[in-house]
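Architecture and fold: a report
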Amino acid sequence: MRPMRHSLALAALALCAGAQAQISDDVVKIGVLTDMAGPYSGMGGAGSVVAAKMAIDDCLKAECKGMKIEVVSADHQNKADIAATKAREWLDRDKVDALADLTNSAGALAVQKLIKEKGGIAMYSGPATTRLTDEDCAENGFHWMFDTYSSASGAAAALTRNGDKSWFFVTVDYAFGHSLEKDASDMVKANGGTVLGSVRHPLNASDFSSFILQAQNSKAQVIGLANGAQDTVNAIKAAREFGIGSGKGQKVASLLMFLTDVHSLGLKQAQGLMFSEGFYWDMDDRTRAFSARFEKLHKGFKPTMVQAGVYSSVRHYLKSVAAAKTDDWKTVAQKMRELPIDDPVMRNASIRPDGRVIHDMYLFQVKAPSESKGPWDYYKTVSTIPAQTAFKPLAQSACPLVKK
């Protein structure tokens, strides 16, 4: 019997070696490409790296036992050329298998073009442009958390339906802002409203006085902020200084808002603002447990929806690598579409052929100071926007991957 046992042992070793050989360089490497010090660093940045590491730790305790997984990170400085150069370096030299976060729409579009050429997987939870799953879609690009359509489908639609029919937009002047303004304008018009005009400002603008004054002089009922993060915070502060949004008269609608923005503004200035998000830390027991872990690891901050999206995307990617028993990007991309998304972050989530991850979105309103029961208790839920209606319908898609 010894020869047979010896043969079986050799066969088992060969099988293990074969399975291990399917992972290139014997390691799965993930690169978090984000804004580390600029206007989007609060909602992404170092917190996105923390979220990626949490996802790795969780997978190593479950599906990924025995795998070697590494994470690297870099600051793209909100410049598309730097984002593309770093991504190319990672893919070519450092053998990075998947890219995560990619905050900034211009940088994300540059990376999307690159992965079409070179392969690899990109998981976007920070950028908002719908082009990533529309005309510029890729079989290996996945848009995880939100986009300009899902953002506009919340506040813009709700306010217009409720009688605030005339709008003027203050828009950040690059791909993200243009996309958000267009989607919000379409939503306003679809609900019987009109757009009186818009003004555009540079990214990371320091003074919003002239832009807010133009919006105020338009006499529009709603000043729609088609920007994000620090630009949104600065615009809201300027609007409050002009007496806008503090009572009767013109309203300010922040079309894209993050938890860190509300935290920076404080409830006194942010109260009453309405916007859509895909994640909030205090939704249920699972989100609270996840967020408590994150808070301990990230200087007492609760996660934004971008950081939560990084966790969810990296976790799902690693599950797919483990299930496919390879990090070959084509095989993993297919497996990602096959496997259900199940984690503390997403609800009713799945991946469409265009790479858009659809899931429930939520219309939130910022609480008044008197309504808050403690630190980070900032939101109240107005309504749930079901996954099937929160995102741009596939029937309207210009993505070549979608069969008409």
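Above this note sits the structure.
The sections below set out a description of the structure shown in this document. This is a predicted model, so every value here is computed, not measured.

Counted by the stated rule, this structure contains two disulfides. Between the sulfur of Cys-137 and that of Cys-399 lies a disulfide, 2.1 Å long from S to S. Measuring the twist about the S-S bond at about 85°, one finds the Cys-137-Cys-399 disulfide to be right-handed. You can see Cys-137 sitting in the loop between β4 (121-124) and β5 (141-143) and its partner Cys-399 sitting in the segment after α15 (387-390), a full 262 residues away along the chain. Exposure remark for Cys-137: the relative accessible area of 6% places this residue in the buried category. The connectivity of the disulfide-linked cysteines in the protein, indexed sequentially, is 1-2, 3-4.

Helix packing for two helices is described by the angle between their axes and how far apart those axes are. Between helix α13 (residues 305-324) and helix α14 (residues 329-338), the least distance of the axes is 9 Å, while the angle of their chain directions is 115°. On the basis of the axis angle, α13 is roughly perpendicular to α14. Note that α13 runs across α14; the crossing there is right-handed. Here α13 contributes His-316, Tyr-317, Ser-320, Val-321, Ala-323 and Ala-324 to the contact with α14, which in turn contributes Thr-331, Val-332, Lys-335 and Met-336. For the contact of α13 with α14, a count of residues per class yields six nonpolar, three polar and one charged.

This next bit is on the pairing of strand β13 (residues 361-366). When you tally the buried positions in β13, you get five out of six residues, the bulk of the element. Bridging between strand β10 (residues 274-277) and β13 involves four bridges; their strand directions are antiparallel. Bridge pairing links Met-274 to Gln-365 in β13. Where β13 lies against strand β14 (residues 379-385), six bridges are found, and the strand directions are antiparallel. Along β14, the bridge assignment pairs Tyr-362 with Thr-384.

Taking strand neighbours across the sheet as the criterion, the three strands line up as β10-β13-β14 in an open arrangement whose pairing is antiparallel. Each end of this open sheet is capped by a strand with a single partner; those strands are β10 and β14. Pairwise comparison of adjacent strand axes, ignoring direction, gives a mean angle of 30° for this sheet.

What follows is about unusual backbone geometry. The phi dihedral of Asp-25 is positive, around 60°, even though this residue is not glycine. Positionally, Asp-25 belongs in the loop between α1 (2-21) and β1 (28-34).

Here the focus is the sheet that holds strand β3 (residues 98-101). Strand order in this open sheet of five strands is β2-β1-β3-β4-β5, and the pairing throughout is parallel. Each end of this open sheet is capped by a strand with a single partner; those strands are β2 (69-75) and β5. For this sheet, the mean angle separating the axes of adjacent strands, direction not counted, is 20°. Note that β1 and β2 share seven bridges and pair parallel. Considered in β2, the bridge of Val-28 is made with Ile-69.

With respect to the helices and strands, the residue Leu-339 is situated in the loop between α14 and β11 (350-351). By relative accessible area, which is 27% here, Leu-339 ends up partly exposed. Put simply, Leu-339 and Thr-287 are 52 residues apart on the chain and 21 Å apart in space, counted from C-alpha to C-alpha. Look past the residues within four positions of Leu-339 in its chain and what remains in contact with it is His-316, Lys-319, Ser-320 and Ala-323.

So, on to helix α9 (residues 229-241). Between its first and last C-alpha, α9 extends 19 Å over 13 residues, near the 18 Å set by a 1.5 Å rise per residue. Within α9, ten of the 13 residues are buried, leaving the element largely enclosed by the surrounding structure. Looking one or two places after α9, you find Gly-243, whose phi comes out positive at around 80°.

Another aspect to go through is helix α7 (residues 175-190). Its 16 residues give α7 an end-to-end C-alpha distance of 22 Å, which sits within 8% of 22 Å, the value for a rise of 1.5 Å per residue. Every buried residue of α7 is accounted for by Ala-175, Phe-176, Gly-177, Ser-179, Leu-180, Glu-181, Asp-183, Ala-184, Ser-185, Met-187 and Val-188. Structurally, α7 contributes buried residues whose contacts are with α4 (105-118), α5 (148-152), α6 (155-161), β6 (166-172), β7 (194-201) and β8 (222-226).

Before going further, it helps to examine the pattern of salt bridges. Note that side chains of opposite charge can pair when their charged atoms are close. Under the criterion given, the structure shown has 25 salt bridges. For Lys-302, the salt bridge is made with Glu-295, and the minimal N-O distance between the two is 2.8 Å. By relative accessible area, which is 8% here, Lys-302 ends up buried. Residue classification places Glu-295 among the partly exposed positions, given a relative accessible area of 24%. In this structure, Lys-380 engages Glu-371 in a salt bridge whose closest nitrogen and oxygen atoms are separated by 2.9 Å. Overall, the relative accessible area of 30% leaves Lys-380 in the partly exposed class. Three or more residues are tied together by salt bridges with common partners; here these are Lys-86, Glu-89, Arg-93 and Asp-94.

Basis of the calculations
- Residues numbered from 1 in each chain as written.
- Predicted model: local features only at pLDDT ≥ 70, side-chain atom pairs only at ≥ 80, totals over all residues.
- Heavy atoms only, no water.
- Disulfide = S-S within 2.5 Å.
- Helix = DSSP H or I, 4+ residues; strand = E, 2+ residues; numbered from the N terminus.
- Buried < 20%, exposed > 50% of the residue type's maximum accessible area, 1.4 Å probe, protein only.
- Axes fitted to C-alpha atoms, helices over the stretch in contact; angles between N-to-C directions.
- Parallel < 35°, antiparallel > 145°, perpendicular 65-115°, else oblique.
- Left-handed = near helix turned anticlockwise from the far one by under 90°.
- Contact = heavy atoms within 4.5 Å.
- Nonpolar A, V, L, I, M, F, W, Y, C, P; charged D, E, K, R; others polar.
- Pairing = 2+ DSSP bridges.
- Expected span 1.5 Å × (residues − 1).
- Salt bridge = Lys/Arg side-chain N within 4 Å of Asp/Glu carboxyl O.

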